[in-house]
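Chain and residue survey
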Amino acid sequence: MATTPLTKSKIAKSKLLQMYRRMALIRRFEEESIKLYRLDKIRGYFHPYIGQEAIAVGSCGAARDDDYIVSTHRGHGHCIAKGADVKLMLAELYGRKTGYCLGRGGSMHIANVAEGNLGANGIVGGGMSLAVGAALGSLLKEDGKVAINFISDGGVSIGIFHEAINLAAIWKLPVVFVIENNFYAVSTPISQSVSIETLARRADAYNIPGTCIDGNDVILVHEEMSKAIDRARSGDGPSIIEMQTYRHTGHHCNDPGKYRDPKVVEAWMGKDPITRLAQHLGAEHGVAEGDLTAIRDEIKQEIKDAIQFAEDSPSPSVDEFLAGIPDYSFEQND
Amino acid sequence: MATTPLTKSKIAKSKLLQMYRRMALIRRFEEESIKLYRLDKIRGYFHPYIGQEAIAVGSCGAARDDDYIVSTHRGHGHCIAKGADVKLMLAELYGRKTGYCLGRGGSMHIANVAEGNLGANGIVGGGMSLAVGAALGSLLKEDGKVAINFISDGGVSIGIFHEAINLAAIWKLPVVFVIENNFYAVSTPISQSVSIETLARRADAYNIPGTCIDGNDVILVHEEMSKAIDRARSGDGPSIIEMQTYRHTGHHCNDPGKYRDPKVVEAWMGKDPITRLAQHLGAEHGVAEGDLTAIRDEIKQEIKDAIQFAEDSPSPSVDEFLAGIPDYSFEQND
Amino acid sequence: MTREIQYRQALNEAMFEEMRRDPLVFTYGEGIAERGGSFRVTEGLLDEFGPMRVKDTPISESIIAGAAVGAAIVGTRPVAEILFVDFTALSMDQLVNQAAKYRFMVGGRGKVPMVLRTQGGSGKGLAAQHSQSLEAWFCHTPGLKVVMPSTAYDAKGLLKTAIRDDDPVIFIEHKLLYFTGGEVPEEEYTVPFGEADVKRTGSDVTIVAWSLMVHKALEAAEQLAAEGIEAEVVDPRTLVPLDINAICTSVRKTNRLVIVHEACKRGGFGGDIAARVMERAFDDLDAPIERVAGKNTPMPFNTELEQASIPQVQDIVTTCQRVCLGAKGAV
Amino acid sequence: MTREIQYRQALNEAMFEEMRRDPLVFTYGEGIAERGGSFRVTEGLLDEFGPMRVKDTPISESIIAGAAVGAAIVGTRPVAEILFVDFTALSMDQLVNQAAKYRFMVGGRGKVPMVLRTQGGSGKGLAAQHSQSLEAWFCHTPGLKVVMPSTAYDAKGLLKTAIRDDDPVIFIEHKLLYFTGGEVPEEEYTVPFGEADVKRTGSDVTIVAWSLMVHKALEAAEQLAAEGIEAEVVDPRTLVPLDINAICTSVRKTNRLVIVHEACKRGGFGGDIAARVMERAFDDLDAPIERVAGKNTPMPFNTELEQASIPQVQDIVTTCQRVCLGAKGAV
Ligand SMILES: Cc1ncc(C[n+]2csc(CCOP(=O)(O)OP(=O)(O)O)c2C)c(N)n1
Ligand SMILES: Cc1ncc(C[n+]2csc(CCOP(=O)(O)OP(=O)(O)O)c2C)c(N)n1
Ligand SMILES: [Mg+2]
Ligand SMILES: [Mg+2]
């Protein structure tokens, strides 16, 4: 089936291939992890990123490696896009000691602080302060870093959205707000939660740029983000970019997502961001299907290794945890 | 000194005179109460409404008597405009048992629930939920009431502003948001707190009407409010009306307000809403200065009586208060 | 006539009955209408009562709590839902500075008959931001009533009472209880506030526990009984108002008290109960009151760590043994 | 060398010294820059450190607290101000779900060296929304440290420690203390967390009190001394971490404990301290531990009612008398 072609661009083929790799890695990671969830290897809430890969990858691809990102409850994609090691991610989802958060965070708190992913967040909108604060810190340190703040469409109605963007706007903080509009907050369509046509219009209230783009076009995402990141870095303040997309799955692993019209779901499946990039690579850069298959095979192995790593990893020690509580509560536990 | 004339309108002379009376009553109430504050008869925070009278009076004048209003920390004006008895108000400011809140609320919580003033609020923006909730309740009860929500310019940056207006917009609640823009939040100019030219632009984020008007023109206030209230009552949802004004005093009785440019203050004094209405009544309706003096004399007496009432009123009984605590804490106080 | 239904069904019945009884009762929250709620408590309400009385909201926890205050003041009876008690952190101004204080601040001339339904507790691997037990915040806020039912029977009867109450009620369910069953009468009934329920009688030690912990306490009591220690399990059901008399009556009989709560120990409501009992029944105590409570840590994701963070049956057993031994035996 | 300065000046000195010492320390809040803060704690900072490090904010209590979390994670040391502790109700999600849990949730791989300065307490006729004492909420939140200085000396030394600490610190000043004087060294010093200060020694009863209540306890102690009761006044200074050992040491000497706090009694932190002391020193107690605390009511506006709502010197005196009598005398 032919899909809408991607934006033409000057992005180098090697970069596109790298982005393809990351997107495919996310996809595979999620698909395999969902299987593991069904096998009870992974527990808790698990919100798959399948279908939204272009946003994380296009955005992180446009940023510097030392820029910050702040993620949402649907955070695996952002984590991988920012360069995380899937081994340490999967170990975290397993709750193992070797995971990014020592098994204490799990899916909803997956983070890779050392490499600039300040973390997922279980509170919708809760991470906006982290992004705005990180941008403020960068301004003070004059280290030229930008913070990319991934927000979900459900997040545009929460109070901190307003306070965070207003502060970023008046202080011209180096932050870019990416609204991933997948049209649903669990079962509630976004049209029931806002009275505007595009979420980007929220930007008008702060007199900052607000654009709405096809979030399944990784090249367009990359280009728009490059502009917004440049703008932020050069001191002109924040922007909002709404990126329209769709989740292929239910809200989380236990949600069949029946509230969505199957026809609409199908139509969006036809706009799959990975398929579109693959077609673009073929059509515009002469990449052979075999090359992509090779990449995907590599990825398969990578995920396989990651599963093995998670399986082989030890659980955190309960005794060590209990002994360590004073580190967090600052006194004997009584 | 000639001031900007008021909007011409078909509002009856009797109505205008009634509004004049209410505005002058607020003015006198505040002036005399400030003196009492200086004499330590009144304590706590006291935020005078002097200079902003047209907003409260024009707005309440456009509403039905059984509509609701929700006020701010600067709430005396709204309370009087909504028809409160200044005796019971002053008794409250004195902390007396006869006050509107039995001496428990004071200036920051002055309310007249029975007549539709759901109360002042010590939390900036804190009352927005009350207004939105009251409007929701009215819709459910189908009683046709509208809620007028007075908000201060400092309040436009707080999270609940966003959540409250968004909810009102999507549910088309019968509420009108009146932003009294007096350009300062204590010493902080509004230009440092927002990145937009007029606060009414916040309305764009919710796709509701947002207008910015001269808040010292009581006729204009009345007319714009009439339209917005009609709209709300007929089921078309909320509006935002920014009304620009100025406080003649400091932020509260202990604030000299030195942070404002004396020239600007003086210019605003020249736009005093009461003087302008007086001139309008003379020029357009042939009201003699003597008639207005007679009104003001009446008011003087009314306030004098109110002071006497407050002075003569008993303090609440400590024993009764303590005995009553179970009413609020639902069990013995231990 | 009783039959066994689930806790979530009991709550659902309470909603149906109260909404039928009083047209001013209405409900809203995230995903409660179309979807019937994350734990299926509001299932079917939209169909019967329609979209004016059963509403889905945006993700806006401040106005969800706050709009209930306004709607209550003007005479309706909102039942607002906050998905996780953890998210009430976003509603605190509205609950504490508005709802709890309104009636007082206006001199009693306005009342706030609202219910905030929410759920708390750990046990599903939901980690630090979805596993808290925060009742102590609300108990420390004069003007709020705090309800934490442990059984289907209590859940139904207390929710009905909450809806009819003229003050704001924080109604905290437990995520692990929704699908547990219990005997519930066919006939209409309510459970009054401030009346503890002795879930098990015993003579050797009093265990005060609420919400999920009641069940752990009962399990512990069975184990203790096997070794000759008879524990009395008192479930206060409402923490505000608290039936301190019932607790003291039990303590005067057993002379020993163990308080069990899932919330972290430091600053938990157990300290308040312990202090109150001491003030009233110091001379009746044969051993120090002990608290078995959550550890002072954010909740970890890993299952074993999660288990280690909250009271387990064995912890209750051991503590009761120690308390009884200390009194009967040495030193 | 010491000299007498005001509590607010002591805090101001701490800010100057720490901002000079470390260029990554910065501060912001409502009206703190141009105006120097409602209680003049931040006066002069803008002039010396400029608008990048001393900033006025809009009225946005969530992001005021929350931006500090982000800025702290990336290595700066924000000191954010919330004007009244009552308004932290608007910041709770950021303080509890983000600041307190961050280091834990990311497995220790990110730290949050932020300070939230705020002030609480009653006594100025500011009524229900501007007079609360809410430390119990924060004490019940693992991951936060809670500091409540009672003197200029402690205020300065503790604020410096707070700024250097790598975890989030809730620093609660008292609105009636700002203009009280106290001896403060000219030389640099810090006051460690978790170390109580015995503000008065005595042998008959221990009074644990913090913030403004320390001064009321000291006054009560003078009155009690006149009738032969020597009270020891222990000021924990930091509630988390709490120097429970110092408290127990004192109780082992006096065998009686009275806890005084301004926060309302129900669910106040006094209950927790009482329970902990009982767990550790039950056999040392000659009388039940008593709590003298705020009434379980929103704060009224009227002066006499306001006074009646919080502990007064006479209440402390009477309670200490009763506690001492109970032990020495009858029953
Ligand atoms: C403040 C808050 N409210 C509610 C929730 C529960 N919740 C988790 S995800 C979700 C829906 C989110 O939808 P959206 O923001 O559009 O993100 P998406 O899941 O579509 O990525 C909700 C309501 C939460 N985590 N945080
Ligand atoms: C949530 C909250 N933050 C801070 C304050 C302290 N405060 C009281 S009035 C005020 C300034 C308000 O300015 P504005 O909103 O413009 O109202 P105005 O005083 O000009 O009427 C502030 C910061 C408060 N009462 N509530
Ligand atoms: Mg969504
Ligand atoms: Mg203003």
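Not measured: the values here are computed from a predicted model.

Structural notes on the overall build of chain A
A tally of helices and strands in chain A yields 11 helices and seven strands. Here chain A has a C-alpha radius of gyration of 20 Å; the compact-globule value for 334 residues is 20 Å, and the two agree. Counting only C-alpha atoms and orienting by the principal axes, one finds that chain A spans roughly 60 × 50 × 40 Å. Expressed as a percentage of the 334 residues in chain A, the buried residues total 65%. When contacts within chain A are restricted to residue pairs at least 6 apart in sequence, long-range pairs at least 24 apart make up 75% of them. Counting only carbon and sulfur atoms, one obtains 50% of the accessible surface of chain A, whose full area is about 11200 Å². Between the mean site of the 36 positive side-chain charges and the mean site of the 43 negative ones, chain A shows a separation of 3 Å.

Section: the sheet that holds strand β3 (residues 175-181) of chain B
Residues and elements named next belong to chain B. Overall, parallel pairing links the five strands, which are arranged β1-β2-β3-β7-β6 in an open sheet. Two strands bound the open sheet, and with one partner strand each, they are β1 (68-70) and β6 (210-214). Averaged over neighbouring strand pairs, the angle between their axes works out to 20° when direction is ignored. Pairing of strand β2 (residues 147-152) with β3 involves six bridges; the strand directions are parallel. From the neighbouring strand, phenylalanine 150 faces β3, where its bridge partner is valine 178.

Regarding the relation of the copies chain D and chain C
For the pair chain D and chain C, the relating rotation is 180°, the translation along its axis is 0.0 Å, and the fit reaches an RMSD of 0.0 Å. Read as a symmetry element, the transformation amounts to a two-fold axis. By C-alpha distance to the rotation axis, the residue of chain D lying nearest is glycine 271 of chain D, at 2.3 Å.

What to know about the site of ligand 2
Surveying the vicinity of ligand 2 reveals 22 residues, the closest of which are Arg74, Gly122, Ser152 and Asp153 of chain B together with Glu61 of chain D. Residues lining ligand 2 come from chains B and D. A distance of 3.3 Å is found between an oxygen atom of ligand 2 and a side-chain nitrogen or oxygen belonging to histidine 251 of chain B. Within the side chain of glutamate 61 of chain D, one N or O atom sits 2.6 Å away from a nitrogen atom of ligand 2.

Thoughts on the sheet that holds strand β10 (residues 205-209) of chain D
Residue and element names in this part refer to chain D. The strand order β9-β11-β10-β13-β14 describes an open sheet built from five strands, whose pairing is mixed. Edge positions in the sheet fall to β9 (197-200) and β14 (290-294), since each has one partner strand and no second. Geometrically, the sheet is characterised by an average inter-axis angle of 25° between neighbouring strands, direction not taken into account. Sitting on the sheet, helix α9 (residues 269-281) is in contact with β10, β13 (257-264) and β14, with an inclination near 160° to β13.

Some words on the site of ligand 1
The environment of ligand 1 is made up of 22 residues, and the closest members are Arg74, Gly122, Ser152 and Asp153 of chain A together with Glu61 of chain C. Mapping the residues adjacent to ligand 1 onto the chains of the assembly identifies chains A and C. At 3.0 Å, a backbone N or O of valine 124 of chain A approaches a nitrogen atom of ligand 1. In the environment of ligand 1, a nitrogen atom lies 2.6 Å from a nitrogen or oxygen atom belonging to the side chain of glutamate 61 of chain C. Its free accessible area being 570 Å², ligand 1 has 95% of it covered by the protein chains. Of the residues contributing to the shell around ligand 1, the split by class is 10 nonpolar, eight polar and four charged.

A closer look at the interface of chain D and chain C
Listed by partner, the interface residues are 50 residues for chain D and 50 residues for chain C. Carbon and sulfur atoms supply 64% of the area that chain D and chain C bury against each other, a total of about 4400 Å² over both sides. Summed over the three residues of chain D that lose the most area to chain C, namely Trp137, His140 and Arg266 of chain D, the buried surface amounts to 17% of that side. Between chain D and chain C we count four salt bridges in total. In this assembly, chain D and chain C are joined by 25 residue pairs in polar contact (both at pLDDT 80 or more). Secondary-structure elements contributing two or more residues to the side of chain D that touches chain C are α4 (92-105), α5 (135-139), β13, α9 and β14 of chain D. The leading source of residues in the side of chain D that touches chain C is α4 of chain D, at nine residues. For the side of chain D that touches chain C, the per-class residue count stands at 27 nonpolar, 12 polar and 11 charged.

Considerations on the interface of chain C and chain B
The interface of chain C with chain B comprises 47 residues on the first partner and 38 residues on the second. For the chain C and chain B pair, buried surface summed over both sides reaches about 3400 Å², with 68% attributable to carbon and sulfur atoms. Broken down residue by residue, the surface that chain C buries against chain B is led by Ile63, Val74 and Phe104 of chain C, which jointly contribute 19%. At the boundary of chain C and chain B, one finds zero salt bridges. Our count for the contact surface shared by chain C and chain B stands at nine residue pairs in polar contact (both at pLDDT 80 or more). Sorting the residues of the side of chain C that touches chain B by element identifies β2 (25-29), β3 (54-56), α3 (61-73), α4 (92-105), β12 (238-240) and α9 (269-281) of chain C as the ones contributing at least two each. The element contributing the most residues to the side of chain C that touches chain B is α3 of chain C, with nine residues.

Some details on the coordination of the magnesium ion (ligand 4)
Residue and element names in this part refer to chain B. Summarising the metal site, the magnesium ion (ligand 4) is bound by the protein donors Asp153 (OD), Asn182 (OD1) and Tyr184 (O), whose distances to it range over 2.0 to 2.1 Å. Along the chain, the residues donating to the magnesium ion (ligand 4) are arranged with the sequence spacing D-x28-N-x1-Y. With aspartate 153 in the loop between β2 and α6 (159-170) and asparagine 182 in the loop between β3 and β4 (184-185), this residue pair connects regions lying 29 residues apart in the sequence. When sorted by exposure, aspartate 153 lands in the same class as asparagine 182, which is buried.

What to know about the domain arrangement of chain C
Residues and elements named next belong to chain C. By domain assignment, chain C separates into domain 1 (2-185) and domain 2 (197-325). One C-alpha centre belongs to domain 1, the other to domain 2; they are set 26 Å apart. Facing the 26 residues of domain 1 at the interface are 23 residues of domain 2. Of the roughly 2000 Å² buried between domain 1 and domain 2, counting both surfaces, carbon and sulfur atoms make up 59%. On the domain 1 side of the contact with domain 2, Cys139, Met148 and Ser150 bury the most area, a combined 23% of that side's loss. There are two salt bridges connecting domain 1 and domain 2. Salt-bridge contacts for aspartate 154 lead to lysine 199; the nearest nitrogen and oxygen are separated by 2.7 Å. Looking at the side of domain 1 that touches domain 2, the elements that each hand over two or more residues are α5 (135-139), β6 (145-147) and α6 (152-164). Its residues placed into classes, the side of domain 1 that touches domain 2 shows 13 nonpolar, nine polar and four charged.

Regarding the packing of aromatic side chains
Counting across every chain of the model gives 28 aromatic pairs over all chains. When the ring of phenylalanine 183 of chain B is compared with that of tryptophan 268 of chain B, the centres are 5.9 Å apart and the planes differ by 45°; the resulting orientation is tilted. Separated by 85 residues along the polypeptide, phenylalanine 183 of chain B in the loop between β3 and β4 and tryptophan 268 of chain B in helix α8 (residues 262-269) bring together distant segments of the chain. Classification of tryptophan 268 of chain B by relative accessible area gives buried; the value is 12%. On the basis of an interplanar angle of 15° and a centroid distance of 4.4 Å, the ring pair of phenylalanine 39 of chain D and tyrosine 178 of chain D is categorised as stacked. Of this pair, phenylalanine 39 of chain D sits in the loop between β2 (25-29) and α2 (45-49) while tyrosine 178 of chain D sits in the loop between β7 (169-174) and β8 (181-185); the two residues are 139 residues apart in sequence, bridging distant segments of the chain. We note that phenylalanine 39 of chain D, like tyrosine 178 of chain D, is buried. Counting every residue linked through ring pairs, the aromatic cluster contains Tyr45 of chain A together with Phe84 and Phe87 of chain C.

Regarding the coordination of the magnesium ion (ligand 3)
Residue and element names in this part refer to chain A. Surrounding the magnesium ion (ligand 3) are the protein donor atoms Asp153 (OD), Asn182 (OD1) and Tyr184 (O), at 2.0 Å. In the primary structure, the donors to the magnesium ion (ligand 3) are separated according to the pattern D-x28-N-x1-Y. Asparagine 182 sits in the buried class, given a relative accessible area of 5%.

Structural notes on the pairing of β14 of chain D
Counted residue by residue, β14 of chain D has five buried out of five residues, so it is predominantly covered. The parallel pair β13 of chain D and β14 of chain D is bridged by α9 of chain D, and the resulting crossover is right-handed.

Focus: helix α9 (residues 273-285) of chain B
All names here are of chain B. Between its first and last C-alpha atoms α9 spans 17 Å; for 13 residues at 1.5 Å apiece the expected length is 18 Å, and the two agree. Inspection of α9 places Pro273, Ile274, Arg276, Leu277, Ala278, His280 and Leu281 among the buried residues, and these make up the whole buried set. Those residues of α9 that are buried lie in contact with α1 (13-38), α2 (53-62), β6, α7 (218-233) and α10 (289-312).

Calculation criteria
Residues numbered from 1 in each chain as written. Chains lettered and ligands numbered in written order. Predicted model: local features only at pLDDT ≥ 70, side-chain atom pairs only at ≥ 80, totals over all residues. Heavy atoms only, no water. Helix = DSSP H or I, 4+ residues; strand = E, 2+ residues; numbered from the N terminus. Rg over C-alpha atoms; globule rule 2.2 N^0.38 Å. Buried < 20%, exposed > 50% of the residue type's maximum accessible area, 1.4 Å probe, protein only. Contact = heavy atoms within 4.5 Å. Areas by Shrake-Rupley, 256 points an atom, 1.4 Å probe, with all protein chains shown as cover. Lys, Arg positive; Asp, Glu negative; His and termini not counted. Charge placed at Lys NZ, Arg CZ, Asp CG, Glu CD. Pairing = 2+ DSSP bridges. Axes fitted to C-alpha atoms, helices over the stretch in contact; angles between N-to-C directions. Least-squares fit on C-alpha atoms with pLDDT ≥ 70 in both. Near = heavy atom within 4 Å. Polar contact = N/O pair within 3.5 Å; in protein donor to acceptor, adjacent residues only side chain to side chain. Nonpolar A, V, L, I, M, F, W, Y, C, P; charged D, E, K, R; others polar. Buried area = accessible area lost by both parts, 1.4 Å probe. Salt bridge = Lys/Arg side-chain N within 4 Å of Asp/Glu carboxyl O. Donors = N, O, S within 2.8 Å, 3.2 Å for Na, K, Ca; no water. Domains from an automatic or database assignment. Phe/Tyr/Trp six-rings, centres within 6.5 Å; stacked < 30°, edge-to-face > 60°. Right-handed = clockwise from strand over helix to strand, strands pointing away. Expected span 1.5 Å × (residues − 1).

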